[in-house]
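# Working through the structure, step by step
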Amino acid sequence: MQFRQQALAKLQSPEELDLPVRFARPQGWLVLAVTVVVVVAASVWAVTGSVASTVSAPAVLTHGEGSYILQSPVAGQVTAVLAQEGRRLPADAPVLKVRTADGDTVVRTVAAGRVTALAATIGQIISTGANVAAVEKVARADDPLYATVYVPAQNAASVPVGAPVDLTVQTVPAQEFGVLRGHVKSVDRNAQSARQISAFLGDSQLGEQFTEDGRPVAVLVRLDRSVATKSGYRWSSAEGPPYALASMTMATGSIRLADQRPVDWLLP
């Protein structure tokens, strides 16, 4: 009964129409203003902003034209090894001497380059087409190094020419000397097979390794030059490592992809 009497008394009391109405406190206006600013800024960024992302992939330091695998044109027994690993040879230079049923045959280089590996030894019996050497196509000692990064095929379309690249070189401690700097020179839009990679690098194992998760795309990276470092290339540290870089050195490349819009607007 007590609550009923209070309700009846409330209904019988005159309306307080002469009292001012408080819409919001000053703190409430501040919160509302901040919320509006944040919403407007987010809307503008969604329309005009972009998101930068990177992709990391295995890489190899090489000279621009790559390598090739030298194969024996004949079958027989190796009687002499006429080349040395690390030595630069001109085209048509002797590498091996093979004794066949028809006499001795000399296996020669196809193009000028540096012998990076010899797979044949004296006394070994080899067959026609056997791999006997890997030759990197470099004619002069001062030919610059490049990096070939094998990017997953699904990311190839987002790699722009000129994009910055950071390379963590396997033989260089990154904590002490930093990363090697470079920029994308070209992007091969066709995915490469293990055989194509092996032919370019002159190493069948690398071809298998780089295609374990599918056929990648080769991205050629031009290394930034610097006269202030011992290696002749620019690093994230001031001086970089106190020694020169060698070709066929493994690395990991981090490539900045093309900026992408956070929101895709669908137009009618």
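A brief report on the enclosed structure follows. Computed from a predicted model, the values in this text were never measured in an experiment.

## Topic: the overall build of the chain
If you tally the helices and strands in the chain, you get five helices and 14 strands. Each of the 268 residues in the chain was classed as buried or not, and the buried ones make up 35%. When the accessible area of the chain is evaluated, it comes to approximately 16,600 Å², of which 55% is carbon and sulfur surface.

## Here we look at the sheet that holds strand β5 (residues 94-100)
By definition, the strands of a sheet pair up through backbone hydrogen bonds, in either a parallel or an antiparallel sense. The strand order β6-β5-β3-β8 describes an open sheet built from four strands, whose pairing is antiparallel. What marks the edges here is a single partner per strand, and that holds for β6 (103-108) and β8 (125-126). Pairing of strand β3 (residues 76-81) with β5, which is carried by four bridges, proceeds in the antiparallel orientation. What sits directly across from V78, in β5, is V98.

## Quick word on the environment of V132
One can find V132 in strand β9 (residues 131-136). For the pair formed by V132 and V107, sequence separation is 25 residues and the distance between their alpha carbons is 9.0 Å. Other than its neighbours up to four places away in sequence, V132 contacts L70, Q71, S72, L96, V107, A117, L118, A119, A120 and I126.

## Regarding the nonpolar core
Ranked by size, the top nonpolar core spans 29 residues in total, and within it V149, L167, L180, V219, L245 and I255 carry the most contacts. Every element with two or more residues in this core is listed here: β1 (54-63), β10 (145-152), β11 (164-169), β12 (180-187), β13 (216-223) and β14 (249-256). The contact partners of V219, leaving out residues within four places of it in the chain, are A147, T148, V149, V151, V159, V184, S186, V187 and I255. With 18 residues, the next largest nonpolar core counts V78, V115, I126 and V135 among its residues.

## Thoughts on the layout of surface pockets
Approximately 270 Å³ is the volume found for the largest pocket. Taken together, the residues of the lining of the largest pocket break down into eight nonpolar, four polar and six charged. The computed volume of the second largest pocket comes to approximately 210 Å³. If you go around the second largest pocket, you meet 15 residues; those closest to its centre are P152, F210, D213, G214 and P216. Of all the elements in the fold, those that place two or more residues in the lining of the second largest pocket are β1, β10 and α5 (204-210). For the lining of the second largest pocket, the class distribution of residues is eight nonpolar, four polar and three charged.

## Re the pairing of β10
Burial runs high along β10: seven of the eight residues are buried. Inspection of the sheet shows β1 paired to β10 by five bridges, in the antiparallel sense. Residue pairing for β10: L61 is matched across the bridge by A147. Two elements, β10 and β13, share seven bridges in a ladder whose sense is antiparallel. Across the sheet, Y146 pairs through a bridge with R222, a residue of β13.

## Some details on the pattern of salt bridges
In total, this model carries four salt bridges according to the counting rule given. Between R99 and D104 there is a salt bridge, with the nearest N and O atoms lying 3.6 Å from each other. Between R181 and D166 there is a salt bridge, with the nearest N and O atoms lying 2.6 Å from each other. Taken together, the positions of R181 in strand β12 and D166 in strand β11 put the pair 15 residues apart, joining distant regions of the chain. Residue class for R181 comes out partly exposed when judged on its relative accessible area of 23%. Among the residues examined, D166 registers a relative accessible area of 28% and is labelled partly exposed.

Cut-off values and rules
- Residues numbered from 1 in each chain as written.
- Predicted model: local features only at pLDDT ≥ 70, side-chain atom pairs only at ≥ 80, totals over all residues.
- Heavy atoms only, no water.
- Helix = DSSP H or I, 4+ residues; strand = E, 2+ residues; numbered from the N terminus.
- Buried < 20%, exposed > 50% of the residue type's maximum accessible area, 1.4 Å probe, protein only.
- Areas by Shrake-Rupley, 256 points an atom, 1.4 Å probe, with all protein chains shown as cover.
- Pairing = 2+ DSSP bridges.
- Contact = heavy atoms within 4.5 Å.
- Core = buried A, V, L, I, M, F, W, Y, C linked by side-chain atoms within 4.5 Å.
- 1 Å grid on protein atoms, 1.4 Å probe; cavity = no way out; pocket = protein on both sides within 12 Å on 5 of 7 lines; lining within 4 Å.
- Points joined across faces, edges and corners; volume = space filled by probe spheres on them.
- Nonpolar A, V, L, I, M, F, W, Y, C, P; charged D, E, K, R; others polar.
- Salt bridge = Lys/Arg side-chain N within 4 Å of Asp/Glu carboxyl O.

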